[in-house]
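Secondary and tertiary structure notes
The primary structure of each chain is shown beneath.
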Amino acid sequence: MNVLLAGGAGYIGSHTAVELLNSGHDVVIADNYSNSCPEAVRRVEELTGKTVRVYEADVRDHDAVRRIFTENKIDCVIHFAGLKAVGESVEKPVMYYRNNIDTTLTLLECMAEAGVKRIVFSSSATVYGEENEPPYTEEMPRGTCSNPYGWTKAMMEQILEDAAHADPALSVILLRYFNPIGAHASGRIGEDPQGIPNNLMPYVSQVAVGRRDHLTVFGDDYPTPDGTGLRDYIHVVDLAIGHVKAVEYAENHTGAEVFNLGTGTPYSVLEIVNTFRETNQIDVPYEIGPRRAGDLPSSYADAKKAEKILGWKAERNLADMCRDTWKWQSGNPMGYREG
Ligand code: NAD
Ligand code: WQD
């Protein structure tokens, strides 16, 4: 299939591009580089030996997206294009609603004009909210989100479900990611956050490489075995392969369907730090600090549905995730800026 990756120069999009190309699919990328850079796409081409058609475009811009659909016969869209920093979304909610909802509406409108009938969407475990208890299953109702970023995901799921309801020929696949970490095993592409990282693994790896002094562990008094938060960390390459399976499933599918993409196994913050240290033989100094507002004690998937229906299961373990993160971070201490 010929797949349009909206936001495809980013962390998950670039890894997905590699797996799609390696599986024999063609890829077109549209990105405004608001949180990424062209070098990531250049490295996708280097890793796969294939050429990617890239448009520097804001996916909210109808004319730009129309042009992409006119110049390419697109079979399926994967919609990664969004702002994703939880704290920033609390400070700038309107910017988050404007960017994340508008990209979705523009893509749906332009897909309808061009007769494109398949869309795979980057949703998040955050839509399970505070009411549901892990392990989360896909049929649980969406819960109350603790921040505007989470609400954009919940709203976009609703918009996409409504679109599928109105057009019986449409296939909508909502992929609820848990906590993606790691990097391509080559160390050539990986996560490159701008400024101070919000997420645990980029922070750990920047401490290890000397860009940050120490990690602050956000709370050790949760009702968990070691008191620190539990999450379902998933290797980004496993996640990327999940997208290949979703795109292939969408080929003969209509309606809206949700899949969790997680491993089903939770690890604590201290288990992450200790596995990173042991796997990479490098110190990660840390201090225990207060809880971070809005954090849940525990979040992990019931991952059975994706295995049963998509034939997909995460294969990489926590040591793989820590090793590949370090290969990327140690080879690219300043991210793509040195490349
Ligand atoms: P990322 O920031 O690396 O990638 C998003 C890409 O979208 C970036 O390249 C950015 O430049 C682009 N973009 C943003 N707004 C755009 C616009 N208006 N027009 C064109 N391009 C635009 O983030 P990621 O980690 O790769 O996440 C991809 C998607 O998955 C996002 O929608 C994110 O919310 C979702 N998600 C991520 C995680 C995670 O932990 N990384 C978890 C759950 C869901
Ligand atoms: C993981 C654990 C922290 C940083 C967020 C979004 C979610 C999804 C993925 C993306 C928690 C602890 C973290 C640090 C720490 N979104 N931690 N010190 O919060 O599960 O999920 O990212 O688009 O929607 O909410 O991920 O990596 O921030 O935190 O102790 O410096 O690490 O408290 O227990 P989270 P995270």
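Above this text is the structure in question.
Every chain begins its residue count from 1, and numbering advances along the sequence as written. Chain letters start at A and ligand numbers start at 1, both assigned in the order the entries are written. Given that this is a predicted model, residues contribute local features only at a pLDDT of at least 70 and side-chain atom pairs are listed and counted only at 80 or more, while totals for whole chains, interfaces and linings are drawn from all residues. Only heavy atoms go into the side-chain values, all of them from the structure, while hydrogens and water stay out.

1. What about the site of ligand 1?
The rule for a residue being near a molecule or strand is that one of its heavy atoms must lie within 4 Å of it. In the vicinity of ligand 1 there are 28 residues, among which Ile12, Asp31, Asn35, Ser36 and Tyr149 approach most closely. A 3.5 Å cut-off defines polar contacts: any pair of N or O atoms within that distance qualifies, except that in protein one atom must be a possible hydrogen donor and the other a possible acceptor, and neighbouring residues in sequence count only when both atoms are side-chain atoms. Ser36 is positioned such that a nitrogen or oxygen atom in its side chain is 2.7 Å from an oxygen atom of ligand 1. Asp58 is positioned with one of its side-chain polar atoms (N or O) 3.0 Å from a nitrogen atom of ligand 1. Bound to the protein, ligand 1 loses 95% of the 810 Å² it would expose on its own. Counting only elements with at least two residues in the shell around ligand 1, the list comes to α1 (11-22), α5 (93-114), β5 (118-124) and α6 (148-166). All amino acids are sorted into three groups, where Ala, Val, Leu, Ile, Met, Phe, Trp, Tyr, Cys and Pro are nonpolar, Asp, Glu, Lys and Arg are charged, and the leftover types, Gly among them, are polar. Its residues placed into classes, the shell around ligand 1 shows 11 nonpolar, 12 polar and 5 charged. Each accessible area value is a Shrake-Rupley result obtained with a 1.4 Å probe; residue values ignore everything except the protein chains displayed when judging cover. A run of DSSP states H or I qualifies as a helix once it reaches four residues; a run of E qualifies as a strand once it reaches two. Both are numbered from the N-terminal end.

2. As for the packing of aromatic side chains
For any two aromatic rings, the description comes down to two numbers: the centre-to-centre distance and the angle of the planes. Two rings belonging to Phe, Tyr or Trp (six-membered ring only in the last case) form a pair when the distance between their centres is within 6.5 Å. Interplanar angles under 30 degrees mark stacking, angles over 60 mark edge-to-face geometry, and anything in between is tilted. Scanning the entire structure with this criterion turns up 6 aromatic pairs. Ring centres 5.9 Å apart and planes at 75° place the aromatic pair Phe276 and Trp326 in the edge-to-face group. Note that Phe276 is positioned in helix α9 (residues 269-280) and Trp326 in helix α11 (residues 318-331), a separation of 50 residues in sequence. When sorted by exposure, Phe276 lands in the same class as Trp326, which is buried. Ring-pair connections join several aromatic residues into one group, and the members of that group are Tyr128, Tyr136 and Phe178. By definition here, charges over rings are those cases where NZ of Lys or CZ of Arg is within 6 Å of the ring centre and within 35 degrees of the ring normal. Looking at Arg176, its charged tip hangs above the ring of Tyr128, at a distance of 4.8 Å from the centre. Only protein chains enter the accessibility calculation, which uses a 1.4 Å probe; a residue whose area is less than 20% of its type maximum is buried, one above 50% is exposed, and one in between is partly exposed.

3. Some remarks on α5
The span expected for a helix works out to 1.5 Å for each residue beyond the first. Taking 1.5 Å per residue, 22 residues should reach 32 Å; α5 reaches 31 Å between its end C-alpha atoms and fits that length. For α5, the full list of buried residues reads Tyr96, Asn99, Asn100, Ile101, Thr103, Thr104, Thr106, Leu107, Leu108, Cys110 and Met111. Close packing links the buried residues of α5 with β1 (2-6), α3 (62-71), β4 (76-79), α4 (86-91), β5 and α6. At the exit of α5 stands Gly115, carrying a positive phi of roughly 75°. Whether two residues are in contact is decided by their heavy atoms, any of which lying within 4.5 Å being enough.

4. Concerning the pairing of strand β2 (residues 26-31)
Burial of β2 is extensive: 5 of the 6 residues sit out of reach of the surface. Strands are labelled as partners when DSSP assigns at least two bridges between them. Alignment of β1 against β2, held across 5 bridges, turns out to be parallel. What sits directly across from Leu4, in β2, is Val28. Look down the strands so they point away from you; if the path from the first strand over the helix to the second goes clockwise, the crossover is right-handed. Handedness of the crossover is the feature at issue here: the chain leaves β1, passes through α1, returns alongside β2, and the resulting connection is right-handed.

5. Looking at the site of ligand 2
Surrounding ligand 2, one finds 19 residues, the nearest of these being Tyr149, Thr216, Arg231, Arg292 and Asp295. Between ligand 2 and Asn199, the relevant distance is 2.9 Å, taken from an oxygen atom to a side-chain nitrogen or oxygen of the residue. Contact between ligand 2 and Asp295: an oxygen atom at 2.6 Å from a side-chain N or O atom of the residue. With the chains in place, 87% of the 690 Å² that ligand 2 exposes on its own is no longer accessible. Take the shell around ligand 2: its biggest share by element is 4 residues, from strand β8 (residues 215-218). Classifying every residue of the shell around ligand 2 by side-chain character gives 8 nonpolar, 7 polar and 4 charged.

6. Concerning the sheet that holds β5
Two modes of strand pairing occur in sheets, parallel and antiparallel, and in both the strands are linked by backbone hydrogen bonds. Sheet architecture is open: 7 strands sit in the order β3-β2-β1-β4-β5-β6-β11, paired in parallel fashion. Each edge of the sheet is formed by a strand with only one pairing partner; in this case those strands are β3 (53-56) and β11 (255-261). Neighbour-to-neighbour, the strand axes of this sheet turn through a mean angle of 20°, independent of strand direction. Pairing analysis gives 7 bridges linking strand β6 (residues 171-177) to β11, with the strands arranged parallel. Its bridge partner lying in β11, Ser171 is registered against Gly255. Against the sheet, α3 touches β1, β2, β3 and β4, its axis set at about 165° to β3. Set on the sheet, α5 makes contact with β1, β4 and β5; between it and β4 the angle comes to about 175°. Angles here are taken between N-to-C directions and fall from 0 to 180 degrees, while the axes themselves are lines fitted to C-alpha atoms, restricted in helices to the stretch in contact.

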